[in-house]
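Residue-level listing of the chains:
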Amino acid sequence: MRQRFIFDGHNSADYGLVISGENTHNAPERDTDILEIPGRSGTLTVDNGRWNNVDVPYKVFLYGERLAQQMDAVREWLLTAKGYKRLEDSYHPDSYRMARYSGGVEWDVNPPARCAEATLTFNCWPQRYLKSGEQAVTVASGGKLYNPTGCAALPLLEITLTGDAKLQIGGVQMGLAGYTGTMLVDCELQDAYKDGANLNRYIAAPDFPTLEPGATQVSWAGGISNLKITPRWWTL
């Protein structure tokens, strides 16, 4: 099977690209500051609690009678994509990244052989999101969610309220008052909303919940008739 990557909804195979993903296993660096203190031997490392973006390169090869048109099509596809887009490939079928194309497209062309090659590099968020984490899970009070990775996930909650309630997810308790119906709570954006309307005023909590590695207990009291959690599992 020909290997492929999909960026911004476009499949590399549709452009005739033959790819190598030997460097797609690169991992991000931890974001740290190194301090040199006069009079003190060695260095002091300050951990900023995050990872840096990572570059993911693909070596690609094109061949055929319509080589110039193929190269133009690849260039237009990559250079017109704005911002971070979904990037997945056949080397990691169970996960995807959020990426932006980070440079120009420089082809090494061999006209007699009607072929060209290049390295296409994407600048990616450090997270490699698991596709299994995109599936919403209905959770009963007293139930648990198990995070299969070593990275704390920031879930999307879909809560159906019939009255005031208290929702406990792991070590975080959320008070929900003054609202009935369905609300979405995005723990990554730290926002609650429904149909574009902001609902943060109906929530009282010290922080937004996270799903830590391992098991997280979920429970509630009061007017919650249904809870769906999209866990957004990720790894590095």
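On a predicted model such as this, the values are computed, not experimentally measured, just so you know.

Moving on, we get to the overall build of the protein. Check the secondary structure of the protein and you find one helix and 21 strands. Its C-alpha atoms give the protein a radius of gyration of 23 Å, clearly above 18 Å, the size a compact globule of 236 residues would have. Principal-axis analysis of the C-alpha atoms gives the protein an extent of 75 × 60 × 30 Å. Here the protein holds 236 residues, and the buried ones make up 40% of them. Long-range pairs, those at least 24 residues apart, make up 69% of the contacts in the protein with a sequence separation of at least 6.

So, on to helix H1 (residues 67–79). With 13 residues, H1 extends 18 Å from end C-alpha to end C-alpha; this agrees with the ideal 18 Å at 1.5 Å per step. Taken together, the buried positions of H1 are occupied by Leu67, Gln70, Met71, Val74, Trp77 and Leu78. The buried residues of H1 occupy an angular sector of 130 degrees when the element is viewed end-on, so they sit on one face. Elements in contact with the buried residues of H1: strand S1 (5–7), strand S2 (10–11), strand S6 (54–63), strand S8 (95–101), strand S9 (108–110) and strand S10 (115–124).

The subject of this paragraph is a nonpolar patch on the surface. A cluster of nonpolar side chains, namely Leu35, Ile37, Leu44 and Val46, defines an oily patch on the protein surface of about 260 Å² accessible area. By secondary structure assignment, the location of Leu35 is in strand S4 (residues 30–35).

This part takes up the nonpolar core. In terms of nonpolar packing, the biggest core is built from 34 residues, with Leu157, Ile159, Leu167, Met183, Val185 and Ile229 touching the most fellow members. Mapped by element, the contributors of at least two residues to this core are S8, strand S11 (128–130), strand S14 (156–169), strand S15 (172–176), strand S16 (181–186) and strand S20 (214–230). At six residues, S14 tops the list of elements feeding residues into this core. Non-local contacts of Leu157, meaning those with residues more than four positions away in its chain, are made with Leu167, Ile169, Met174, Met183, Leu184, Val185, Cys187, Pro209, Leu227, Lys228 and Ile229. The next biggest cluster of nonpolar side chains, apart from the first, holds 26 residues, and it includes Leu67, Ala81, Tyr101 and Leu120.

A few words now on the pattern of salt bridges. Close approach of charged atoms allows side chains of opposite charge to pair. A complete count under the given rule lists nine salt bridges for this structure. The shortest N-O distance in the salt bridge between Arg30 and Asp47 comes to 3.1 Å. Pair noted here: Arg30 is in strand S4 and Asp47 is in strand S5 (residues 44–51), with a separation of 17 residues, a long-range link. Residue Asp47 is classed as partly exposed on the basis of its relative accessible area of 45%. Measuring nitrogen to oxygen at the nearest pair gives 3.0 Å for the salt bridge that ties Glu88 to Arg86.

So, about unusual backbone geometry. Even without being glycine, Asp195 reaches a positive phi, approximately 50 degrees. Positive phi, close to 60 degrees, is recorded for Arg232, a residue that is not glycine.

As enumerated under the stated definition, the model contains 12 aromatic pairs in all. Consider the rings of Tyr15 and Trp77, whose centres lie 4.4 Å apart with planes at 10 degrees: the pair is stacked. With Tyr15 in the loop between S2 and strand S3 (18–20) and Trp77 in helix H1, this residue pair connects regions lying 62 residues apart in the sequence. Judged by centre distance (6.0 Å) and plane angle (80 degrees), the ring pair of Trp51 and Trp234 falls under edge-to-face. Taken together, the positions of Trp51 in strand S5 and Trp234 in strand S21 (residues 234–235) put the pair 183 residues apart, joining distant regions of the chain. Ring-pair connections join several aromatic residues into one group, and the members of that group are Phe5, Phe7, Tyr15, Tyr58, Trp77, Tyr101 and Phe122. The aromatic ring of Trp51 is capped on one face by Arg30, whose charged end is 4.4 Å from the ring centroid.

Rules used in this analysis
Residues numbered from 1 in each chain as written. Predicted model: local features only at pLDDT ≥ 70, side-chain atom pairs only at ≥ 80, totals over all residues. Heavy atoms only, no water. Helix = DSSP H or I, 4+ residues; strand = E, 2+ residues; numbered from the N terminus. Rg over C-alpha atoms; globule rule 2.2 N^0.38 Å. Buried < 20%, exposed > 50% of the residue type's maximum accessible area, 1.4 Å probe, protein only. Contact = heavy atoms within 4.5 Å. Expected span 1.5 Å × (residues − 1). Arc of directions from axis to C-beta. Patch = residues over 30% accessible without salt bridge, like charges linked within 9 Å, V, L, I, M, F, W, Y side chains within 5 Å. Areas by Shrake-Rupley, 256 points an atom, 1.4 Å probe, with all protein chains shown as cover. Salt bridge = Lys/Arg side-chain N within 4 Å of Asp/Glu carboxyl O. Core = buried A, V, L, I, M, F, W, Y, C linked by side-chain atoms within 4.5 Å. Phe/Tyr/Trp six-rings, centres within 6.5 Å; stacked < 30°, edge-to-face > 60°. Lys NZ or Arg CZ within 6 Å of the ring centre and 35° of its normal.

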